[in-house]
Amino acid sequence: QVQLVESGGGMVQAGGSLSVSCAASGRSIRTYNMGWFRRAPGKEREFVAAIRRSGSTIYYADSVKGRFTISRDNAKNTVYLQMNSLKPEDTAVYYCAADPHSDGLAQSRISYNYWGQGTQVTVSS
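Residues numbered from 1 in each chain as written. Predicted model: local features only at pLDDT ≥ 70, side-chain atom pairs only at ≥ 80, totals over all residues. Heavy atoms only, no water.

Regarding the overall build of the protein
Counted only if it meets this: Note on conventions: DSSP H or I runs of at least 4 residues are helices, E runs of at least 2 residues are strands, and numbering of each starts at the N terminus. Values of the radius of gyration come from C-alpha atoms, whereas the globule rule sets the reference at 2.2 Å times the count of residues to the power 0.38. Three labels apply to residues, based on accessible area from a 1.4 Å probe with only protein chains included: buried if under 20% of the type maximum, exposed if over 50%, partly exposed otherwise in between. Contact definition: two residues touch when any of their heavy atoms are within 4.5 Å.
Looking only at helices and strands, the protein features zero helices and 11 strands. Ordered by position from N to C terminus, the α and β elements of the protein give β-β-β-β-β-β-β-β-β-β-β. Here the C-alpha atoms of the protein give a radius of gyration of 13 Å, agreeing with the 14 Å that 2.2 N^0.38 yields for 125 residues. Projected onto its principal axes, the C-alpha positions of the protein cover 40 × 25 × 25 Å. With 125 residues in all, the protein has 44% of them scored as buried. Of all intrachain contacts in the protein linking residues separated by at least 6 positions in sequence, the fraction that spans at least 24 positions is 60%.

This is the structure we're talking about:
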């Protein structure tokens, strides 16, 4: 079983950048597809981005495409989300998640068995 801990959230003005990280322990992330989700106040948790075990395939939600970049370093057991050109609507708690089963990348949260505790990202206008 893998444990996930997010870090790097914070507050930034609109148009700014933030990077959040997800450090894994207990098991190598090489065997997991990894994803980022977010939950804004009063909304459901939604898919943001996912990256395949090898890093060869990446998906983004349309709302972040061209602004966010997901990456992974399997040697460091860490997944990253670089967020540029941030908007107030990106304000949310960001969660890292691990999917041990899917061959393809999943955008549904039910495919992800393991979750971090989340890190708050706040974008002011």
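Some thoughts on the nonpolar core
Burial of nonpolar side chains together is a common tendency in soluble globular proteins. Formally: The definition of a nonpolar core used throughout is a set of buried Ala, Val, Leu, Ile, Met, Phe, Trp, Tyr and Cys residues joined through side-chain atoms within 4.5 Å.
Met34, Trp36, Leu81, Met83 and Tyr94 are the most contacted members of the largest nonpolar core, which has 36 residues in total. Among the secondary structure elements, those contributing two or more residues to this core are β3 (18-25), β4 (33-39), β5 (45-51), β7 (68-73), β8 (78-83), β9 (92-99) and β11 (119-124). In contact with Leu81, not counting residues within four places along its chain, are Leu18, Ser19, Val20, Trp36, Val48, Ala49, Phe68, Thr69, Ile70 and Tyr94.

Focus: the pattern of salt bridges
Keep this limit in mind: Any carboxyl oxygen of Asp or Glu within 4 Å of a side-chain nitrogen of Lys or Arg constitutes a salt bridge here.
Under the counting rule described, the total for this entry stands at five salt bridges. Linking Arg109 and Glu44 is a salt bridge whose minimum nitrogen-to-oxygen distance equals 3.0 Å. Linking Arg109 in the loop between β9 and β10 (114-115) with Glu44 in the loop between β4 and β5, this pair joins segments that are 65 residues apart in sequence. What makes Arg109 partly exposed here is its relative accessible area of 35%.

A short note on the sheet that holds β7
Either a parallel or an antiparallel arrangement is found when strands of a sheet pair, and the pairing is made through backbone hydrogen bonds. Counted only if it meets this: We treat two strands as partners when DSSP finds at least two bridges between them. A fitted line through C-alpha atoms represents every axis, and for helices the fit uses only the stretch in contact; the resulting angles, taken between N-to-C directions, go from 0 to 180 degrees.
Spatial ordering of the open sheet is given by β1-β3-β8-β7, a layout of four strands whose pairing is antiparallel. The strands lining the two open edges of the sheet, one partner per strand, are β1 (3-7) and β7. When the angles between neighbouring strand axes are averaged without regard to direction, this sheet yields 15°. Summarising the sheet, β3 and β8 pair through six bridges and their orientation is antiparallel. Note that in β8 the partner of Leu18 across the bridge is Met83.

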